[in-house]
Amino acid sequence: MKVIISIMMAVTVFTSANSATPVYLDSGAPVEQRVEDALSRMTLSEKVSMLHAQSKFSSAGVPRLGIPEIWTTDGPHGIRPEVLWDEWDQAGWTNDSCTAFPALTCLAATWNPELSLLYGKSIGEEARYRGKDMLLGPGVNIYRTPLNGRNFEYMGEDPYLASRMVVPYIRGVQSNGVAACVKHYALNNHEVNRHTTNVTVDDRTLYEIYLPAFRAAVQEGGAWAIMGSYNLYRNEHCCHNSRLLNDILKGEWGFDGVVVSDWGGTHDTDQAIANGLDMEFGSWTNGLSAGTSNAYDNYYLARPYLERLADGRADTTELNDKVRRILRLAFRTNMNPGRPFGSLCTPGHVSAARTIAGEGIVLLKNDHGVLPLDLTSPRRVAVIGENAVKMMTVGGGSSSLKARYELSPLDGIRNALEGRATVEYARGYVGDSTGEYNGVTTGQNLNDDRSADELIAEAVGLARNADYVIFIGGLNKSEHQDCEDSDRSGLELPYDQDRVITELAEANPNLIVVNISGNAVAMPWAGKVPAVLQAWYLGTEAGNAIADVITGRVNPSGRLPMSFPASLGQVPAHSLGTYPGTKRTDGTDIVDCNYAEGIFVGYRWLDREKQQPLFPFGHGLSYTTFKYGRATVDSRTVTTDGTLTVTVPVTNTGTREGQEVVQLYISDLKSSHPRPVKELKGFRKIRLKPGETAEVSFTVDRRALSYFDPDRHGWVCEPGRFEALVGASSRDIRSKVSFEVRD
Ligand code: BGC
């Protein structure tokens, strides 16, 4: 290494019009010229030092040239607290708390791209204010099984929905001069065995289901960074996977940003050099992979790379490509003098968090109009359940936060009902009373030694004397719930909550269940409970958002971004027995997982198998009602490369203003290849006053009609009859219109 430090590159020195300023420092010069100029001035060791971490979350710059370090942060729901230089433990700063935004599952459930832009812009401002150059998020891995411990960090089961929602998030973040790092690329659909799972998936499924949101992030969102995932594909780890990174990401999609490894996801220097990894983070510390601490020189892309450059096993072709990408990143972020300053925990961020949370809550069921609460006369309200009080921003893995505050559902409901109802609380069950992550503690003491019977008796006692009972339970961020590095062990609610809910339903007919989770859960009591709300991890403003919906201040407009199966038997990863995979018997620890269901994930499977889920993809009720008129097309025929407009009138037939998510599904009635019964290809969220009608139009293009043909390695639009289905969910189609596609 010492020898190499002295080797200077053959330099071509560019200077700007103002000859005193080198081109790379001239922010008015084109970025590619700045990149070439900076590159030409760098030594080999300076170049290699940029390729790997220097601390848990940062990589080196080039101090000699005034090129700053790159500082990264999790992501994706708020800005992670500062950690020690080489440890996961928090550093104990007192100025690093943040706004906790709702989990990405909630954002996806808003079906509102404008809110995604607001989310990205707001979280980007917080990242910028905290001095970060790269936000480690958003996540867009497809929801393949409800047991995946990280689904809460992703955007649901449908590639079209995830694509439309991820693009504005990225643009919002990057408008701050902060890079979005889209993760985890790719096929990272469960957590158990996450470092050793080798996914087998056919190309059609890869391109139709698992890649579209990443492609949209890169090509439409213009993401400046992407994170490789821990798992393997085709027997190569995804952080240095030749096909995913070189062929598809950088080749087919023309990605010009940096590929960042997941923390500890790099395993081989030669593969890392050759297969498209640009920056290595997190391994060889006492963090994710074993090793000594502060050993950053030992990284796969550190000394071992320098040694290969010195003895000729590697040349500078790949090196220069990697460094160019990192320099581009610098010019886009910390060497962009025009980027805004950012801001932290502003009223605007709080309001964004509340709006997104309120729009993401899904009213799954509302028999006899139990909701919103009728507060025309004084009421007694019993709130039951651990999740009414438990802080959810701490825990769950790398997305854990130190929120400036988190308003609990109980406090939110108390505040909202003050003067209109008495609110009493009983725990109902004890789940997980701990609350700590990497040294950040909730400060809550949730210990309770009472038996299940005692807790239930207390809750039922309150329920009997109440006008309304609001049960707030679900999952939490503890291991084997919604938590990184582990999966759930079943679809059922933990801690015997089904029993608590069943007994409450017997005690009081006005029971409202609020399920807080990032995943679908089984609801064996659904038929006995008049109202069910799906609330996600809602962040800082959780309590206000839930109270807003319960009281009717906000008319619910969230829609499920994933199907809620009636049982795991309706999820092909489970019914076909491919989850979590089969351990090889060759002495390696590789676990093979074959995505045998192919393109039939989520509602695509339920439709094909004609199975009735508990709640379908796209489902969500409102306090008002919407009537759909007849869908029409502007032409009965369209050529394979033409476009067609589908229009449908939608009227608010109820008595409240509300938002409807009008969904367009396309069905290819006859195809030479198996196709899903229907696929989401458009949606619009519209706001209507009572009695108001809107004409909602969708443009259907070739992409919406095509399937991916692996033999031709391209999208194919096959002539024939198609149907446009317009509806309020994947199982609530209100109008259909057919059309013919011609060559
Ligand atoms: C996670 C990433 C995260 C990184 C840094 C990893 O364990 O998989 O999502 O960004 O840690 O915290």
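Everything below is about the structure printed above this text.
Here we summarise the structure given alongside this text. Residue positions within a chain follow its written sequence, with the count starting from 1. Confidence filtering applies because this is a predicted model: local features only for residues at pLDDT of at least 70, side-chain atom pairs given and counted only at 80 or more, and all residues used for totals across whole chains, interfaces and linings. With hydrogens and water stripped out, all remaining heavy atoms of the structure feed into the side-chain values.

What follows is about the nonpolar core. Take the buried Ala, Val, Leu, Ile, Met, Phe, Trp, Tyr and Cys residues and link them wherever side-chain atoms come within 4.5 Å; each set so joined is a nonpolar core. Accessibility here uses a 1.4 Å probe with only protein chains present; expressed as a share of the type maximum, an area under 20% marks a residue as buried, one over 50% as exposed, and anything in between as partly exposed. Membership of the largest hydrophobic core comes to 119 residues, with the highest contact counts inside it found for Tyr 185 and Leu 327. Only DSSP runs of H or I reaching four residues or more are called helices, and only runs of E reaching two or more are called strands; each is numbered from the N terminus. With eight residues, the single largest contributor to this core is helix 6 (residues 159–174). Every residue pair with non-hydrogen atoms within 4.5 Å of one another is taken to be in contact. Once you skip the residues sitting within four places of it in the chain, Leu 327 turns out to touch Val 35, Ala 38, Leu 39, Met 42, Met 50 and Ile 67. Ala 103, Tyr 143, Leu 363 and Ala 459 belong to the second largest nonpolar core, which has 76 residues in total.

All right, on to the site of the ligand then. By convention in this text, a residue qualifies as near a molecule or strand provided that one of its non-hydrogen atoms is within 4 Å of it. In the region of the ligand, 16 residues are neighbours, and Asp 74, Arg 150, His 184, Asp 262 and Glu 484 sit closest. Here a polar contact means two N or O atoms within 3.5 Å. Within protein one must be a hydrogen donor candidate and the other an acceptor candidate, and residues neighboring in sequence count only if both atoms are side-chain atoms. In the environment of the ligand, an oxygen atom lies 2.5 Å from a nitrogen or oxygen atom belonging to the side chain of Asp 74. In this structure, an oxygen atom belonging to the ligand sits 2.8 Å away from a side-chain N or O atom of Glu 484. Each accessible area is a Shrake-Rupley estimate made with a 1.4 Å probe; only the visible protein chains count as cover when residues are assessed. Starting from 310 Å² of accessible surface for the ligand in isolation, the protein chains cover 98%. Three residue categories are used. Nonpolar comprises Ala, Val, Leu, Ile, Met, Phe, Trp, Tyr, Cys and Pro, charged comprises Asp, Glu, Lys and Arg, and polar comprises the others, including Gly. Grouping the constituent residues of the shell around the ligand by class yields seven nonpolar, two polar and seven charged.

Take the sheet that holds strand 3 (residues 134–136) next. The six strands lie next to each other as 1-2-3-4-6-9, forming an open sheet whose pairing is mixed. Where the open sheet ends on each side, the last strands, each with one partner, are strand 1 (58–59) and strand 9 (258–260). A pair of strands counts as paired when DSSP detects no fewer than two bridges linking them. Sheet topology note: the strand 1/strand 2 (residues 70–74) ladder contains two bridges and is antiparallel. When the sheet's bridge partners are listed, Ser 59 is paired in strand 2 with Ile 70. All axes are obtained by fitting lines to C-alpha atoms, using only the stretch in contact for helices, and the reported angles, taken between N-to-C directions, cover 0 to 180 degrees. Here helix 6 sits on the sheet and contacts strand 3 and strand 4 (179–185); the angle it forms with strand 4, its principal contact strand, is near 145°.

Salt bridges are defined as contacts in which a side-chain nitrogen from Lys or Arg sits within 4 Å of a carboxyl oxygen from Asp or Glu. Evaluation of the coordinates by the stated rule reveals 52 salt bridges. Note that Asp 74 and Lys 183 form a salt bridge whose closest N and O atoms lie 3.3 Å from each other. With Asp 74 in strand 2 and Lys 183 in strand 4, the pair connects residues that are 109 residues apart, well separated along the chain. Here Asp 74 and Lys 183 have matching classes, each one buried. The salt bridge partner of Arg 194 is Glu 191, with a shortest N-O separation of 3.3 Å.

Function cannot be inferred from these measures alone, as they are strictly geometric.
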